[in-house]
Each structure stands twice: as C-alpha cells, then as structure tokens.
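Spelled out from the first residue to the last, the chains are:
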Amino acid sequence: MPEERWFTTMLRDLSDPIPEVPTELRIEAFGPQWWEPTRAARNDAFRDHWGSLETPRERWERFVGGAQFRDDLSRIIVDGDRVVALALVTVNEDDWEVQGYTSAYIGLIGVVRDYRGRRLAPAVITAMLTAARDAGLEKVNLDVDTESPTGANSLYGRLGFEATEREVAMVARF
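Peer 1: So what exactly am I meant to see when it comes to the overall build of the chain here?
Peer 2: When you go through the chain residue by residue, the secondary structure sums to five helices and seven strands. When its helices and strands are written in sequence order, the chain yields β-β-α-α-β-β-α-β-α-β-α-β. Looking at the chain as a whole, 45% of its 174 residues are labelled buried. Taking as baseline every contact in the chain between residues at least 6 positions apart, the subset at least 24 positions apart corresponds to 76%. Carbon and sulfur atoms provide 47% of the accessible area of the chain, an area that totals close to 9500 Å².

Written out as structure tokens, the structure is:
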C-alpha cells in the first residue's frame with residue numbers, strides 16, 4: 001500500500017509560559033448547552049480536512065458525554081450563540097503512570113471557515129492550555145496531519161508544542 005499521509009504527535013509542557021492571545025469574542029468553558037452548536041462548528045471546520053466526515057449527533061454525544069471528556073478543560077469561542085472555534089480535551093489518567101507525567105489530550109481543534117484568519121485558533125488553544133495548567137496538569141498533547149490545509153502544525157509549533165512521534169497512513173485503493 002502506498003503512503004498517503006503523515007501525522008505527528010506533539011507535546012506541550014505546561015510549565016513553559018503560555019502566551020495570552022486576545023480576541024474580541026467570548027471564550028467559554030464547554031458545557032452541555034454548547035453540545036449541538038459545537039458539533040455544527042466541528043463539522044464546518046473539518047469539512048476540508050483529509051479523511052474527515054461529518055460527525056453525526058449520536059457519535060458526538062458519545063464523545064462529549066464520555067468518561068474521559070473534560071468539559072472543564074475544553075474551551076470554545078462564541079459569537080452571539082454561534083460557536084466559531086473549539087479546543088476539546090480528554091484526559092486518561094490510566095496513561096499517567098506509564099508516561100511519567102499528568103496530561104490532557106486535545107482531540108479536536110477547529111475554527112469555522114468564515115472565521116479563519118482572526119487568530120481564533122491560538123486564542124482558544126491558549127485558553128485551553130491555561131485551564132489545563134490551572135487544573136494541575138503537566139503536559140498537553142495532540143495529533144496533527146502534517147499536510148493540514150490550515151497550517152495547523154506550524155501554529156502548534158509557535159505555541160510551544162514539540163513533535164515527539166510520526167505515523168503514516170497507508171491507503172489501499174479498490
């Protein structure tokens with residue numbers, strides 16, 4: 001099978017300074033009232049990403065209602081009643097002993113297409129990093145498509161994330 005895409009795992013030490021990224025919009029902790037507006041924002045933000053499909057309501061509710069999902073650490077940016085940016089986090093405490101530090105995993109970061117270019121991604125990410133640090137966690141990690149059309153891997157590097165692993169996706173065509 002041919003190599004199709006490369007993905008990088010990146011890690012951010014929360015003891016390093018976290019920059020403040022101002023935004024004119026409202027940053028909020030994620031909560032049940034934001035489930036559906038955030039699902040709509042996720043579907044819009046990821047419609048141009050390789051291999052991404054729209055997330056149906058049932059699957060979304062299993063994700064945000066799951067035992068490892070942390071709404072207290074997750075952050076969204078809201079314009080009126082519309083979610084326009086998101087950084088959603090899970091925590092698996094069973095990993096901590098093996099990896100040697102406490103951590104959170106950013107499962108989803110996105111900005112709706114018509115709000116891109118306003119520095120909302122760094123604003124929502126830094127708000128989430130601050131929440132994780134304030135909760136006593138030591139590190140945050142994420143996975144990124146190295147060919148993301150949004151330039152996400154460069155953004156994460158500028159925010160202090162460092163590459164730790166790479167994986168390749170191989171695709172069989174029928």
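Peer 1: Sorry if this is basic, but what is going on with the packing of aromatic side chains here?
Peer 2: Note on aromatic pairs: each is described by the distance of the centres and the angle between the planes. For the coordinates displayed, the defined rule picks out four aromatic pairs. Considering the side-chain rings of Phe30 and Phe69, the 5.4 Å spacing of their centres and the 75° angle between planes classify their relative orientation as edge-to-face. Here Phe30, found in the loop between strand E2 (26–29) and helix H1 (35–45), pairs with Phe69, found in the loop between helix H2 (57–64) and strand E3 (75–79); they are 39 residues apart in sequence, far enough to count as distant. Note on accessibility: Phe30 and Phe69 belong to one class, buried. Taken together through their ring pairs, the aromatic side chains of Phe30, Trp60, Phe63 and Phe69 make up a single cluster. Stacked on the ring of Tyr115, the Lys or Arg Arg118 has its end atom at 4.2 Å from the ring centre. Lying across the ring of Tyr101, Lys139 places its NZ or CZ 4.8 Å from the centre.

Peer 1: Got a minute to help me understand the nonpolar core in this structure?
Peer 2: One recurring pattern in soluble globular proteins is that nonpolar side chains are buried together. Core analysis: the biggest nonpolar cluster contains 49 residues, and Ile125, Val140, Tyr156 and Phe161 have the highest contact counts within it. Secondary structure elements with two or more residues in this core: H1, H2, E3, strand E4 (82–90), strand E5 (103–111), helix H4 (120–134), strand E6 (139–145) and helix H5 (152–158). Tallying contributions element by element places H4 first for this core, with nine residues. Those residues in contact with Tyr156 that lie beyond four places of it in its chain are Met10, Ile109, Ile125, Leu142, Val144 and Phe161.

Peer 1: Looking at this model, I keep getting lost on the side chain of Arg12. Mind explaining?
Peer 2: By the element assignment, Arg12 lies in strand E1 (residues 3–13). Comment: no salt bridge for buried Arg12; closest opposite-charge side chain is Asp16, at 4.9 Å. From its side chain, Arg12 meets the backbone oxygen of Leu159 in a polar contact 2.6 Å long. Not counting the four nearest positions on each side in its chain, Arg12 is found in contact with Pro17, Ile18, Pro19, Leu129, Glu138, Lys139, Val140, Leu159, Gly160 and Phe161.

Peer 1: Where do I start with the pattern of salt bridges in this structure?
Peer 2: Between side chains of opposite charge, a pair can form as their charged atoms come close. Overall, the coordinates contain six salt bridges when judged by the stated rule. Notably, a salt bridge pairs Arg133 with Asp134, separated by 3.2 Å at the nearest N-O pair. For Arg133, a relative accessible area of 35% translates into the label partly exposed. Overall, Asp134 belongs to the exposed group, its relative accessible area being 56%.

Peer 1: Would you mind showing me how to read the confidence of the model for the chain here?
Peer 2: Note that predicted coordinates carrying low pLDDT should not be read in detail. Here the chain shows a mean pLDDT of 86. Residues at 70 or above account for 81%. Taken element by element, the predicted model of the chain shows its lowest mean pLDDT in strand E7 (residues 162–170) (64) and its highest in E3 (98).

Peer 1: Just checking my understanding: could you explain unusual backbone geometry for this structure?
Peer 2: Most of the time, phi is negative for any residue but glycine, and the peptide bond is trans. Positive phi, normally seen in glycine, also occurs at Arg119, with a value near 65°. Among the structural elements, Arg119 can be located in the loop between E5 and H4.

About the criteria used
Residues numbered from 1 in each chain as written. Predicted model: local features only at pLDDT ≥ 70, side-chain atom pairs only at ≥ 80, totals over all residues. Heavy atoms only, no water. Helix = DSSP H or I, 4+ residues; strand = E, 2+ residues; numbered from the N terminus. Buried < 20%, exposed > 50% of the residue type's maximum accessible area, 1.4 Å probe, protein only. Contact = heavy atoms within 4.5 Å. Areas by Shrake-Rupley, 256 points an atom, 1.4 Å probe, with all protein chains shown as cover. Phe/Tyr/Trp six-rings, centres within 6.5 Å; stacked < 30°, edge-to-face > 60°. Lys NZ or Arg CZ within 6 Å of the ring centre and 35° of its normal. Core = buried A, V, L, I, M, F, W, Y, C linked by side-chain atoms within 4.5 Å. Lys, Arg positive; Asp, Glu negative; His and termini not counted. Salt bridge = Lys/Arg side-chain N within 4 Å of Asp/Glu carboxyl O. Polar contact = N/O pair within 3.5 Å; in protein donor to acceptor, adjacent residues only side chain to side chain. pLDDT = per-residue confidence, 0-100.

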